[in-house]
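Residue-level listing of the chains:
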Amino acid sequence: MAEKTDHPGAVTAERQARWNAAFMANYGTPPLAIERGSGVHVWDVDGTEYLDLYAGIAVSALGHAHPTVIEAVSRQIGQVGHTSNLMINERSLELGERLSAMIGGDARVFLCNSGTEAVEAAIKVTRRHHGDRSQLIAAEGAFHGRTLGALSITGQPAKRAPFAPLLPDVTFVPYGDAEALRAAVTDQTAAVFLEPVLGEAGVIPAPDGYLETAREVCDATGALLVLDEVQGGVGRAGAWFSHQVTAPTIQADVITMAKGLGGGLPIGACIARGAAGNALQPGDHGSTFGGNPVACAAALATLDVIESADLLGAARTRGAQLAAALDHPAIDFVRGIGLWRGVVLREPIAVEVEARARLHGALVNAVSPTVIRLAPALIVTGDEIDAGVAALHKALEEVSG
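Conventions we followed
- Residues numbered from 1 in each chain as written.
- Predicted model: local features only at pLDDT ≥ 70, side-chain atom pairs only at ≥ 80, totals over all residues.
- Heavy atoms only, no water.
- Helix = DSSP H or I, 4+ residues; strand = E, 2+ residues; numbered from the N terminus.
- Rg over C-alpha atoms; globule rule 2.2 N^0.38 Å.
- Buried < 20%, exposed > 50% of the residue type's maximum accessible area, 1.4 Å probe, protein only.
- Contact = heavy atoms within 4.5 Å.
- Areas by Shrake-Rupley, 256 points an atom, 1.4 Å probe, with all protein chains shown as cover.
- Lys, Arg positive; Asp, Glu negative; His and termini not counted.
- Charge placed at Lys NZ, Arg CZ, Asp CG, Glu CD.
- Pairing = 2+ DSSP bridges.
- Axes fitted to C-alpha atoms, helices over the stretch in contact; angles between N-to-C directions.
- Salt bridge = Lys/Arg side-chain N within 4 Å of Asp/Glu carboxyl O.
- Phe/Tyr/Trp six-rings, centres within 6.5 Å; stacked < 30°, edge-to-face > 60°.
- Lys NZ or Arg CZ within 6 Å of the ring centre and 35° of its normal.
- 1 Å grid on protein atoms, 1.4 Å probe; cavity = no way out; pocket = protein on both sides within 12 Å on 5 of 7 lines; lining within 4 Å.
- Points joined across faces, edges and corners; volume = space filled by probe spheres on them.
- Nonpolar A, V, L, I, M, F, W, Y, C, P; charged D, E, K, R; others polar.
- Expected span 1.5 Å × (residues − 1).
- Parallel < 35°, antiparallel > 145°, perpendicular 65-115°, else oblique.
- Left-handed = near helix turned anticlockwise from the far one by under 90°.

## What to know about the overall build of the protein
When you go through the protein residue by residue, the secondary structure sums to 14 helices and 17 strands. In terms of C-alpha radius of gyration, the protein reaches 21 Å, essentially the compact-globule figure of 21 Å for 401 residues. Put simply, the protein has 401 residues, and 54% of those count as buried. Nonlocal contacts in the protein, meaning residues at least 24 apart in sequence, comprise 71% of its contacts between residues at least 6 apart. Accessible area for the protein stands at about 16900 Å²; split by element, carbon and sulfur atoms hold 54% of it. Taking the 29 positively charged and 44 negatively charged side chains of the protein as two groups, their mean positions are separated by 3 Å.

## Describing the sheet that holds strand β12 (residues 268–272)
By definition, the strands of a sheet pair up through backbone hydrogen bonds, in either a parallel or an antiparallel sense. Strand order across the open sheet formed by seven strands is β4-β12-β11-β10-β7-β5-β6, with mixed pairing between neighbours. The strands lining the two open edges of the sheet, one partner per strand, are β4 (108–112) and β6 (170–173). Averaged over all adjacent pairs, the angle separating strand axes in this sheet is 20°, with direction ignored. Bridge analysis of strand β10 (residues 224–228) against strand β11 (residues 254–257) gives three bridges, and the strand direction is parallel. Across the sheet, valine 226 pairs through a bridge with valine 254, a residue of β11.

## With respect to the pattern of salt bridges
When the charged atoms of two side chains lie near each other, side chains of opposite charge can form a pair. Going through the model one piece at a time under the given rule, you end up with 15 salt bridges. For arginine 15, the salt bridge goes to glutamate 14, with nearest N and O atoms at 2.5 Å. A salt bridge links aspartate 304 to arginine 98, with the nearest nitrogen and oxygen atoms 2.6 Å apart. With aspartate 304 in helix α11 (residues 293–308) and arginine 98 in helix α4 (residues 90–103), this pair connects stretches of sequence that are 206 residues apart. A relative accessible area of 22% places arginine 98 in the partly exposed class.

## Description of the sheet that holds strand β3 (residues 49–52)
If you walk across this open sheet you meet the four strands as β1-β2-β3-β15, and the pairing is mixed. Of all the strands in the sheet, just β1 (34–38) and β15 (362–363) have a single pairing partner and so form its edges.

## Let's talk about the environment of aspartate 304
Of the residues examined, aspartate 304 reaches a relative accessible area of 37% and is grouped as partly exposed. Considered as a pair, aspartate 304 and valine 69 are 235 residues apart in the sequence and their alpha carbons are 9.8 Å apart.

## What to know about the packing of aromatic side chains
Aromatic ring pairs are described here by two measures, namely the spacing of the ring centres and the angle between the planes. This model, assessed by the stated rule, comprises three aromatic pairs. Between tryptophan 19 and phenylalanine 23 the ring centres are 4.4 Å apart and the planes differ by 40°, which places this aromatic pair in the tilted class. A connected cluster of aromatic rings, assembled from ring pairs, spans Trp19, Phe23 and Tyr27. Sitting over the face of the ring of tryptophan 43, arginine 36 holds its NZ or CZ atom 4.0 Å from the ring centroid.

## Some points on the layout of surface pockets
The volume enclosed by the largest pocket comes to roughly 1800 Å³. Lining the largest pocket are 50 residues, and of these Tyr27, Gly56, Ile57, Lys259 and Arg373 lie nearest its centre. Contributions of two or more residues to the lining of the largest pocket are made by β1, α2 (55–58), α5 (115–129), α13 (350–359) and β16 (365–368). Tallied by class, residues from the lining of the largest pocket come to 22 nonpolar, 17 polar and eleven charged. Here the second largest pocket defines a volume of roughly 810 Å³. As for the second largest pocket, its lining consists of 30 residues, and the residues nearest its centre are Asn85, Arg108, Val109, Phe110 and Leu111. Mapped by element, the contributors of at least two residues to the lining of the second largest pocket are α4, β4 and β12.

## Here's the deal with the side chain of threonine 246
Here threonine 246 shows up in helix α10 (residues 243–246). For threonine 246, the contacting residues outside a window of four places in its chain are Pro196, Val197, Pro205, Ala206, Leu211, Glu212 and Ile337.

## Details of helix α9 (residues 210–221)
Owing to its 3.6 residues per turn, the α-helix brings residues three or four apart onto one side. In this model α9 runs 17 Å from its N-terminal to its C-terminal C-alpha over twelve residues, within 8% of the 16 Å that 1.5 Å per residue would give. Along α9, the positions that sit buried rather than exposed are Tyr210, Leu211, Thr213, Ala214, Arg215, Val217, Cys218 and Thr221. Looking at the buried positions of α9, the neighbouring elements they touch are β6, α8 (178–184), β7 (189–194), β10 and α10.

## Some points on the pairing of strand β2 (residues 41–44)
Covered by surrounding structure in β2 are His41 and Trp43 together with Val42 and Asp44, the residues of both alternating faces. Relative to β2, β1 runs antiparallel, the two being bridged by four bridges. Residue pairing in the sheet places arginine 36 in a bridge with tryptophan 43 of β2. Linking β1 to β2, which pair antiparallel, is a turn of two residues; within it glycine 39 sits at a positive phi near 60°. Note that β2 and β3 share three bridges and pair antiparallel. Looking at the pairing, valine 42 lines up with tyrosine 50 of β3.

## Focus on the packing of α13 against helix α14 (residues 382–400)
Viewed as axis vectors pointing N to C, α13 and α14 meet at an angle of 125°, and their least axial separation amounts to 8 Å. As far as their axial angle goes, α14 and α13 are oblique. The way α13 lies across α14 gives a crossing that is right-handed. On α14, the residues touching Glu352, Val353, Arg356 and Ala357 of α13 are Leu392, Ala395, Leu396, Glu398 and Val399. By residue class, the composition of the contact of α13 with α14 is six nonpolar, no polar and three charged.

Structural data, given as structure tokens:
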């Protein structure tokens, strides 16, 4: 990979100035201005090429500009681009049926536009299902979204504090502590919300037996078990859902998903089984753009490619290759599953490593001061993994050396 400079190119700098003038400051100033992508590679507006190792935060499951997604979206936008939910459109119907079958049993689906919207829908499902219960249990360190309901169950105090007061009656328990979870859930608990793998906290898989305990205590008390698969779903873990890897024997009452589902287009889903699937009644919830036929066409195409190309198997194989290749004295250990890895560093240098990796042509994500998150597209090749790891190793050498 060609060496990059540590100063933005002229066109990038111009875009950054325009960005700062036009947008609120919640994102800060992005370091890159991306113009196009192909596969797992992207190019900025100055023509510099990068290997994308986190796929827009685990969104671009098939990489960039995948021909099957392009064809499906182009065909659909030429037929009808929007209908609202006052009418049935074929693509949303097909996707709803497919997601229901993926979960199994009598699952029913609500389509929306993002992961946080899927979580908001799940909260309302639990409230409607348990009209006389309001307590929600969530995990410390968890991330479920930034809207007020989803933020209320996000176990990261720094994100919650500026927006208090949030939803009442939310109890946080240490992630992975089965006995703390067992003690917290009572017959007044409406639902337990858990990520099978903590994503924003640094790609931390649930320990053995933890999700099984959650299922057990929910069954004993009547609480619903809600699994947040927004980041871990759609093949990233080497299975359709990350809980199928971390706890393959359990079933959730409600599953939320988004990110990789649309192959780069915005879409989310809340899927509920059994009585929970019948909780919402006409008028209880809605989304103007939920079930948009273009986004649904992209999702169907994404699912088709993952299935036909055995990208679940590829995620397992390439994920194992990635984890094994990450070998540097600055790395303490690597955790995660499939093509979803947290590289835990011995020093709090992740932000500097992210910036230095860009100079070597690789895009990685410093998810915390000591953790680099890697979540490349499921189509990544072995050679691309080797190139990305080499760039990351160079960055680690320079920052930690």
